[in-house]
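Listed below are the residues making up each chain.
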Amino acid sequence: MKLYYDFHTHSCLSPCGDNDMTPYNLVNMSKLLGLDIIALTDHNTCQNCRSAVSVGNDIGLTVVPGMELCTSEEVHIVCLFPDVESAERFSDYVLSTMPDIKNRPDIFGEQLILDDKDNIIGRQEKLLTLASSISINEVQPLVDSYGGVCYPAHIDRSSYSVLSNLGMITEDMGFSAVEMTAEADREALVRMHPILNGVTVFTDSDAHYLENIKDAENSIELSENSAKAVIDYIKSLPKMK
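Because the structure is a prediction, the values reported are computed rather than measured. (Residues numbered from 1 in each chain as written. Predicted model: local features only at pLDDT ≥ 70, side-chain atom pairs only at ≥ 80, totals over all residues. Heavy atoms only, no water.)

Chemist: Provide a residue-level description of helix α8 (residues 227-236), including the pertinent values.
Modeler: Listed as buried for α8 are Ala 227, Ala 229, Val 230, Ile 231 and Ile 234. Tucked into the core, α8 has its buried residues touching β1 (2-9), β2 (37-43), β3 (62-70), β4 (76-80), β7 (149-152) and β9 (200-202). (Buried < 20%, exposed > 50% of the residue type's maximum accessible area, 1.4 Å probe, protein only. Helix = DSSP H or I, 4+ residues; strand = E, 2+ residues; numbered from the N terminus. Contact = heavy atoms within 4.5 Å.)

Set out below in structure tokens:
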């Protein structure tokens, strides 16, 4: 089954996300643009995933619960989960590993938790853009213990990527896929980092504003349109070596 995807999007819970990026707006805009399956991956939290999944169920678009984790090395990692409950347990753990620094909405933006009708039901008080204490070598087995999968985000970018911050990807990190932006020079990256040869590459929008969400362009072949099928597919990929 060919499905158009975007596995890296943000809601208004991410401090750098626009307040118009509500679960309802995000999911409905994705549907209008022709996407079949998306993931909500706010910074270091999954607290808006339940609402986004509910909206998706109502309109017929699959939402994978997820997170963009910031490791202790300040490397961003896309984490995806088969169900909301697993994602929320992981979210609680990640928040417990972060420094107890409060968000300043006037500086960083609000961190809004919404229901599936876009009513504000809470605010995350911790500043979500900070690094967790989870190291990059711990991420893959940790996410796996919650039933999920993960891969390095936007590896071609000059900040918050595994290549910009660490200069390399190694097999002991345990990844089987990576994310590159649409502008990435894949051939050049493979020449510089041969470990990427043959590795599955996802291209996502990393949308923080409604206008950042891309038209349906990137597709994936899955056995069915479900979060579990995404997880099973990525789990089946060979590890980098």
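Chemist: Can you explain the side chain of His 208? Please cite residues and give values.
Modeler: For His 208, the location among the structural elements is in the loop between β9 and β10 (219-221). What His 208 contacts, discounting residues up to four positions off in sequence, is His 10, Cys 16, Gly 17, Asp 18, Met 21 and His 43.

Chemist: How would you sum up the pattern of salt bridges? Please name residues and give values.
Modeler: By the definition in use, this model includes eight salt bridges. The salt bridge involving Asp 144 is made with Lys 235; its shortest N-O contact spans 2.6 Å. You can see Asp 144 sitting in helix α5 (residues 136-145) and its partner Lys 235 sitting in helix α8, a full 91 residues away along the chain. We classify Lys 235 as partly exposed; its relative accessible area is 38%. (Salt bridge = Lys/Arg side-chain N within 4 Å of Asp/Glu carboxyl O.)

Chemist: Explain the packing of helix α2 (residues 49-59) against helix α3 (residues 84-96) to me, using residue names and the numbers behind them.
Modeler: Here α2 crosses α3 at 160°, and the two axes come no closer than 10 Å. Taken together, the axes of α2 and α3 lie roughly antiparallel to each other. Considering the relative orientation of α2 and α3, their crossing is right-handed. Contacts from Cys 49, Arg 50 and Val 53 in α2 reach Val 84, Glu 85 and Glu 88 in α3. Here the residues of the contact of α2 with α3 are counted per class, giving three nonpolar, no polar and three charged. (Axes fitted to C-alpha atoms, helices over the stretch in contact; angles between N-to-C directions. Parallel < 35°, antiparallel > 145°, perpendicular 65-115°, else oblique. Left-handed = near helix turned anticlockwise from the far one by under 90°. Nonpolar A, V, L, I, M, F, W, Y, C, P; charged D, E, K, R; others polar.)

Purely spatial values, then, with no claim about function.
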